[in-house]
Amino acid sequence: MSEPTDEIPIDETSVRARTLATPETLTSDEMAGAEETLRTLSSYFDATVVGQPRLRRALLATVLSRGHILVESVPGLAKTLAASTLARSVDASFARIQCTPDLLPSDIVGTEVYDPATTTFRTELGPVHAHFVLLDEINRSSAKTQSAMLEAMQERQTTIGGASHPLPAPFTVMATQNPIEEEGTYVLPQAQMDRFLLKEVVDYPTPSDEIEVLNRIERGTFDKPATPVASTADILHLQQLIGRVHVKDSIKRYIVELINVTRRPGDFLSSEHARWIEYGASPRGAIAFLQVARSNALLAGRNHVVPDDVVSMRHAVLRHRLILTFEAMAEQVRADDLIDAVFDSVPTP
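Residues numbered from 1 in each chain as written. Predicted model: local features only at pLDDT ≥ 70, side-chain atom pairs only at ≥ 80, totals over all residues. Heavy atoms only, no water.

Student: Even after reading the chapter, I still don't get the overall build of the chain, so can you show me in this structure?
Tutor: The number of helices and strands found in the chain is 17 helices and 13 strands. Its C-alpha atoms give the chain a radius of gyration of 23 Å, within 12% of the compact-globule value 20 Å for 349 residues. Counting only C-alpha atoms, the chain reaches 85 × 55 × 45 Å along its principal axes. For the chain, contacts bridging at least 24 residues in sequence account for 79% of all contacts bridging at least 6. On the chain, roughly 18,200 Å² of surface is accessible, and the fraction owed to carbon and sulfur atoms is 53%. Of the charged side chains in the chain, 33 are positive and 47 negative; the average position of the first set lies 2 Å away from that of the second. (Helix = DSSP H or I, 4+ residues; strand = E, 2+ residues; numbered from the N terminus. Rg over C-alpha atoms; globule rule 2.2 N^0.38 Å. Contact = heavy atoms within 4.5 Å. Areas by Shrake-Rupley, 256 points an atom, 1.4 Å probe, with all protein chains shown as cover. Lys, Arg positive; Asp, Glu negative; His and termini not counted. Charge placed at Lys NZ, Arg CZ, Asp CG, Glu CD.)

Student: Is there a simple way to explain the packing of helix α9 (residues 232-242) against helix α13 (residues 283-299) in this structure?
Tutor: Pairs of packed helices are described in terms of their axes, by the angle between the two and the distance that separates them. Where α9 meets α13, the closest approach of the two axes is 9 Å, and the angle between their N-to-C directions is 115°. Relative to α13, α9 is oriented roughly perpendicular. Here α9 runs over α13; the crossing is right-handed. Of the residues in α13, those in contact with Leu 238, Leu 241 and Ile 242 of α9 are Arg 294, Ser 295 and Leu 298. Grouping the constituent residues of the contact of α9 with α13 by class yields four nonpolar, one polar and one charged. (Axes fitted to C-alpha atoms, helices over the stretch in contact; angles between N-to-C directions. Parallel < 35°, antiparallel > 145°, perpendicular 65-115°, else oblique. Left-handed = near helix turned anticlockwise from the far one by under 90°. Nonpolar A, V, L, I, M, F, W, Y, C, P; charged D, E, K, R; others polar.)

Student: How should I be thinking about unusual backbone geometry in this particular structure?
Tutor: Trans peptide bonds make up the majority, and among non-glycine residues the majority have a negative phi. Cis geometry marks the peptide bond from Ala 169 to Pro 170, where omega comes out at 0°. One can find Pro 170 in the loop between β8 (163-166) and β9 (172-177). Phi is positive for Ala 78, which is not a glycine, with a value near 70°. Residue Ala 78 is classed as partly exposed on the basis of its relative accessible area, which comes to 28%. (Buried < 20%, exposed > 50% of the residue type's maximum accessible area, 1.4 Å probe, protein only.)

Student: Got a minute to help me understand the nonpolar core in this structure?
Tutor: In summary, soluble globular proteins display a tendency toward joint burial of nonpolar side chains. Ranked by internal contacts, the top residues of the largest apolar core, which has 71 residues, are Met 174, Leu 198, Leu 298, Val 310 and Phe 343. In this structure, Leu 198 is in contact with Ala 58, Thr 62, His 68, Ile 69, Leu 70, Val 292, Met 313, Ala 316, Val 317 and His 320, ignoring residues within four places of it in sequence. Ile 97, Val 128, Val 133 and Ala 175 belong to the second largest nonpolar core, which has 23 residues in total. (Core = buried A, V, L, I, M, F, W, Y, C linked by side-chain atoms within 4.5 Å.)

Don't take any of this as a statement about function, it's just geometry.
Here it is as structure tokens:
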């Protein structure tokens, strides 16, 4: 009688299927084409928006990853300009929705309108049915209106009168919010926050950047008509290439270990840091890291992911996914500092 073994028998059929399903490595021609398109989009953005390379990278990574982004800063720091500039760089439909407390869900997704001439109802699609949607000051809309965006952001469709209406592809929501004014604002529920791939925080410009803003105003840079430099087909092609950017298993384990630390901070972080984290990131956090890492690799001109592709956007991926304790908020503990502590606790592969 043969000795018992713990080895799992190999299913050659499943192995062959996984091998065939493995995406092919991006060719040099595909990399060159992607690099040219991304360089053109970046140049278009920099020609209008001054001194925001991190925001530009976050916006591009969001579009490439088929995600949505939340941009936060005090008023006047070009949040709306940055989002609209990226949208105008592509020959696609663009809608800007100014969120107010009296905004209704039907104002966003659309509604059924009675036509007396035909005695029937016709569907009028709302502004969310665009390739790029800018939700300006999203935290000024009511919770009911905010919830109307959940189906659009997650399912990429809306439901009007019981009928589903698919959204165009590509579809990206770029929302902005002002963190310093609380009157007339509604805090975004965590379920909706988690559906944003990234949350980018924009800081004040440097003095030299602010001088350049004044110079561009004098030259009339912001008054020039926009001319798209890419098409929706270009964006869809880039999104397809993202899925073929190679990710080693060691990088995937690294991502999962980082997410696990946020859920069990007491086992990995110092007591000082662990007591500030109440809840960690959901599996959407791991998915976001994988998507963003692939986008970062393509933006850097590589067909494979390296650890720095995960590290470089750690704050944008996690800052809206960590739920801090009441004591942490009372003492104004920064989520970014806790994220740094999480990354310091996990060895880089």
